[in-house]
Amino acid sequence: MTSKRLSGSTTEQVDEKFYHAEDLQDPHEGTLHRGLKARQMSMIAVGGTIGTGLIMSSGTALVQGGPLGLCLGFLFVGLICFLTLAALGEMTAYLPHKKGFAGYATRFVDPALGFALGWIYLIKYLIAPASNVNAAGIVMQYWTLSVPIEVWSAMYIILVVIMNLLGIEFFGELEFWMSGLKVVSLMGLFLLGIIIDLGGNPKHDRIGFRYWRQPNGPMGSYLVDEVHNKQLAVFLGFWSTLTTALFAYIGSELVAVTAGEAQNPRKTIPRAIKSTFFRIFVFYIGCVFAISLIVPSTSTQLLVANSSRAGAAASPFVVGVTLVGIKGLNHVINAMILLFTISAANSDLYIASRTLYGLAIERKAPQIFAKVNKRGVPWVSLLVVSSFICLTFLNASTSSSTVFAYGVNLLSAFGAITWMTIAYSHIRFMQALKAQGVSRDSLPYKGPGQPLGSWFVLISTGIILLFKGFNTFLPFTPGLFITSYLPVPLFFIFWLGYKLRYRTQVIPSSKVDLITGKREIDEEEERFILKEKAREGKVSRWRRLADVL
């Protein structure tokens, strides 16, 4: 059965057997503003989600996997991340709607899958800001233990909520500069690590690959006393780095969440996706390589999730400069890390509010969460998700490093499920294109490595998810076990519950709607291009140069 719906000035046919009206249509009034500029999108894509995973939890990965294991783990998961974003980029550039990537699961696979992904992703980002605020408290404990960590947490909660209430224009500009500072900081930390390694330090000690040799490397021997097998302990050390790397990379999909508020998304999103290749291989791989050179995996000064004392160095870079006797720089680096955690909490809160808003406009969450103020801020959604940051106060009864470990386990599991669902949605998207005779050459953006890339993401991420909690059995630790695997049954409860309630079915490839909303985006893109052409003559040469940079 089909029905006609008025969409702006266009009339489109929709098969109601598979879709509800809200599944396909973006709202026209009381909606998000397209206020993110191209330069903001590009910078946010490069540095917006770089946070505690790279700068802090890499210390745990170094201890468990050794220097070589650390680098291999980040390289492997970096490949998975890039292929995920390439797949997401194809769908987002084709149809940059305001419902996040859960909307693609709804449109290309099954509304039940979109419902499950949307709520899983929302829960992930109800937890993520609390994890980053807790990390900010850990950073502050390096300087002083006289102020309770709860005080720091309360201060940073207020700060990130205010930053999100000020509107997308303010958020975009703030994150542009904060991301820029993070990019410069990471480049500086990478160069610092290489210089220290080559002897540019007060001790004039040329370290080279000293820490890649025994007893520090090249691989770690994780849980060797429990498994009583050296080779197995080496493999387990490498495998544990995959979970840490997964935690470090998740959030990269922020680019797709911002699609609904991006100017000219057909152009800015592919550009932002392409920049992730640079981010992964320069920042992530480069920084963990530098860490592996200047910090021994046997150092007792490293923050190790679930076991460190309060006041331990939050980042391996702090340990590295301390070991070679560079005075004062450890405090500068710690301040940089504080910026990283606050920026990550800020972007996490943004993602959570937009995810809840996307569910509301699809009528998969109460309609009150779709309310938007004059600045285009979904303020009801924002206030509700902000209340969950108070989860960070768990550190009042449990050590901050244990709470951090819980956060790593939960967020890496939620992130793995998200990437797998994105990959499967993209597989179905490609199948729909083929079934309906649409060439991939006609897409605004063609991701590299496709279509095999999405299959690789789906299978490899599924294996990591299945075995990521192996260490919770050696010995069995209930808290870590629950946080490692709780997201899996939650996902199936959401998916199966919606499917049974609404009797949805997987949409045949020939029936997938590839049309609704596309014409509006095409027309909006044409208007934006004409506006930009008219603007070019009025913009100074220096302003154009600044935008390019």
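Residues numbered from 1 in each chain as written. Predicted model: local features only at pLDDT ≥ 70, side-chain atom pairs only at ≥ 80, totals over all residues. Heavy atoms only, no water.

### Here's the deal with the overall build of the protein
And step 1. Within the protein, the regular secondary structure consists of 21 helices and 2 strands.
And step 2. When each of the 549 residues of the protein is scored for burial, the buried share is 61%.
And step 3. For the protein, the share of sequence-separated contacts (at least 6 apart) that also reach a separation of at least 24 residues comes to 81%.
And step 4. Of the roughly 21600 Å² that the protein leaves accessible, carbon and sulfur atoms contribute 66%. (Helix = DSSP H or I, 4+ residues; strand = E, 2+ residues; numbered from the N terminus. Buried < 20%, exposed > 50% of the residue type's maximum accessible area, 1.4 Å probe, protein only. Contact = heavy atoms within 4.5 Å. Areas by Shrake-Rupley, 256 points an atom, 1.4 Å probe, with all protein chains shown as cover.)

### With respect to the pattern of salt bridges
And step 1. Enumeration according to the criterion identifies 5 salt bridges in this entry.
And step 2. Here arginine 210 and aspartate 205 are joined by a salt bridge, their closest N and O atoms 2.6 Å apart.
And step 3. We note a salt bridge from aspartate 441 to lysine 446, for which the minimum N-O separation is 2.8 Å.
And step 4. Judged by its relative accessible area of 42%, lysine 446 falls in the partly exposed class. (Salt bridge = Lys/Arg side-chain N within 4 Å of Asp/Glu carboxyl O.)

### Structural notes on a nonpolar patch on the surface
And step 1. A surface patch of nonpolar side chains, amounting to about 510 Å² of accessible area, comprises Trp455, Ile459, Ile463, Leu466 and Phe467.
And step 2. One can find isoleucine 459 in helix α17 (residues 452-467).
And step 3. Under the relative-accessibility criterion, isoleucine 459 is labelled exposed at 52%. (Patch = residues over 30% accessible without salt bridge, like charges linked within 9 Å, V, L, I, M, F, W, Y side chains within 5 Å.)

### Some details on the nonpolar core
And step 1. Core analysis: the biggest nonpolar cluster contains 149 residues, and Leu54, Phe74 and Tyr249 have the highest contact counts within it.
And step 2. Ranked by residues supplied to this core, first place goes to helix α6 (residues 111-141) with 17 residues.
And step 3. Not counting chain neighbours up to four residues away, the residues in contact with tyrosine 249 comprise Phe74, Val77, Gly78, Cys81, Ile280, Tyr284, Ile285 and Trp419. (Core = buried A, V, L, I, M, F, W, Y, C linked by side-chain atoms within 4.5 Å.)

### Some words on the packing of aromatic side chains
How two aromatic rings sit relative to each other is given by the distance of their centres and the angle of their planes.
And step 1. Applying the stated criterion across every chain yields a total of 25 aromatic pairs.
And step 2. Each ring, one from phenylalanine 115 and one from tryptophan 119, has its centre 6.3 Å from the other, and the planes form 50 degrees; the classification is tilted. Here phenylalanine 115 pairs with tryptophan 119, and both are found in helix α6, just 4 residues apart, close to one helical turn.
And step 3. Over the face of the ring belonging to tyrosine 498 we find lysine 364, whose NZ or CZ atom lies 5.7 Å from the ring centre.
And step 4. It is arginine 501 that lies over the ring of tyrosine 502; its NZ or CZ is 4.8 Å from the centre. (Phe/Tyr/Trp six-rings, centres within 6.5 Å; stacked < 30°, edge-to-face > 60°. Lys NZ or Arg CZ within 6 Å of the ring centre and 35° of its normal.)

### Regarding the side chain of threonine 392
And step 1. The residue threonine 392 is located in the loop between α15 (379-387) and α16 (400-435) in this model.
And step 2. Only 3.3 Å separates the side chain of threonine 392 from the backbone oxygen of alanine 130, close enough to count as a polar contact. (Polar contact = N/O pair within 3.5 Å; in protein donor to acceptor, adjacent residues only side chain to side chain.)

### Observations concerning the packing of α6 against helix α19 (residues 487-502)
And step 1. Put simply, α6 and α19 touch, their axes get as near as 8 Å, and they point 145 degrees apart. Helix-helix and strand crossings are classified by hand; for α6 and α19 the assignment is right-handed. Contacts between α6 and α19 involve Pro111, Ala112, Leu113, Phe115, Ala116, Leu117, Trp119, Ile120 and Ile123 from the former and Pro487, Leu490, Phe491, Phe494, Trp495, Tyr498 and Lys499 from the latter.
And step 2. Residue composition of the contact of α6 with α19, grouped by class: 15 nonpolar, no polar and 1 charged. (Axes fitted to C-alpha atoms, helices over the stretch in contact; angles between N-to-C directions. Left-handed = near helix turned anticlockwise from the far one by under 90°. Nonpolar A, V, L, I, M, F, W, Y, C, P; charged D, E, K, R; others polar.)

### Points about helix α4 (residues 58-94)
And step 1. For α4, which comprises 37 residues, the first-to-last C-alpha distance of 36 Å sits more than 12% below the rise-based estimate of 54 Å (1.5 Å per residue).
And step 2. The largest bend in α4 amounts to roughly 115 degrees and is located at glycine 65, with the proline proline 67 lying one to four residues further along.
And step 3. Taken across its 37 residues, α4 has 31 buried, putting it largely inside the fold. (Expected span 1.5 Å × (residues − 1). Bend = angle between axes of the 7 residues up to and from the residue.)

### Structural notes on the environment of arginine 271
And step 1. As for its position among the elements, arginine 271 is in helix α12 (residues 265-294).
And step 2. Separated by 174 residues in the primary sequence, arginine 271 and tyrosine 445 have C-alpha atoms spaced 9.4 Å apart.

### Points about the side chain of threonine 84
And step 1. Relative to the helices and strands, threonine 84 resides in helix α4.
And step 2. Discounting residues that sit within four places of it in the chain, threonine 84 has contacts with Trp419, Ile422 and Val457.

### So, the environment of glutamine 431
And step 1. Tracing the chain through its elements places glutamine 431 in helix α16.
And step 2. A C-alpha to C-alpha distance of 9.5 Å links glutamine 431 and valine 512, two positions 81 residues apart in sequence.
And step 3. A polar contact of 3.2 Å, which involves the side chain of glutamine 431, links it to the side chain of arginine 428.

### Examining the environment of arginine 210
And step 1. Among the secondary structure elements, arginine 210 is positioned in the loop between α8 (168-197) and α9 (224-227).
And step 2. Separated by 86 residues in sequence, arginine 210 and proline 296 have C-alpha atoms that sit 8.7 Å apart.

### Examining the packing of α4 against helix α10 (residues 230-249)
And step 1. Contact geometry of α4 with α10 gives a least axis separation of 6 Å together with a crossing angle of 60 degrees. What the angle tells us is that α4 and α10 run oblique. Here α4 runs over α10; the crossing is right-handed.
And step 2. Classifying every residue of the contact of α4 with α10 by side-chain character gives 13 nonpolar, 10 polar and no charged. (Parallel < 35°, antiparallel > 145°, perpendicular 65-115°, else oblique.)

### Considerations on the confidence of the model for the protein
And step 1. Here the protein averages 82 in pLDDT, and 81% of its residues register 70 or above.
And step 2. Mean pLDDT across the elements of the protein ranges from a minimum in strand β1 (residues 2-7), with 40, to a maximum in α17, with 95.
And step 3. In the model, residues 1-11 has pLDDT below 50 throughout and makes 31 contacts with residues more than four positions away in sequence or in other chains.
And step 4. Between residues 305-312, whose pLDDT stays under 50, and residues either more than four places distant or in other chains, the model counts 22 contacts. (pLDDT = per-residue confidence, 0-100.)

### What about unusual backbone geometry?
And step 1. The omega torsion across glutamine 214 and proline 215 is 10 degrees, close enough to zero to call that bond cis.
And step 2. The residue proline 215 is located in the loop between α8 and α9 in this model.
And step 3. In the segment running from glutamine 450 into proline 451, the intervening peptide bond is cis, with an omega of 10 degrees.
And step 4. Residue position: proline 451 is located in the loop between α16 and α17.
And step 5. With phi around 50 degrees, histidine 204 is a residue other than glycine that occupies positive phi space.
And step 6. Here histidine 204 lies in the loop between α8 and α9.
And step 7. With phi around 55 degrees, histidine 228 is a residue other than glycine that occupies positive phi space.
And step 8. Considering the arrangement of structural elements, one finds histidine 228 in the loop between α9 and α10.

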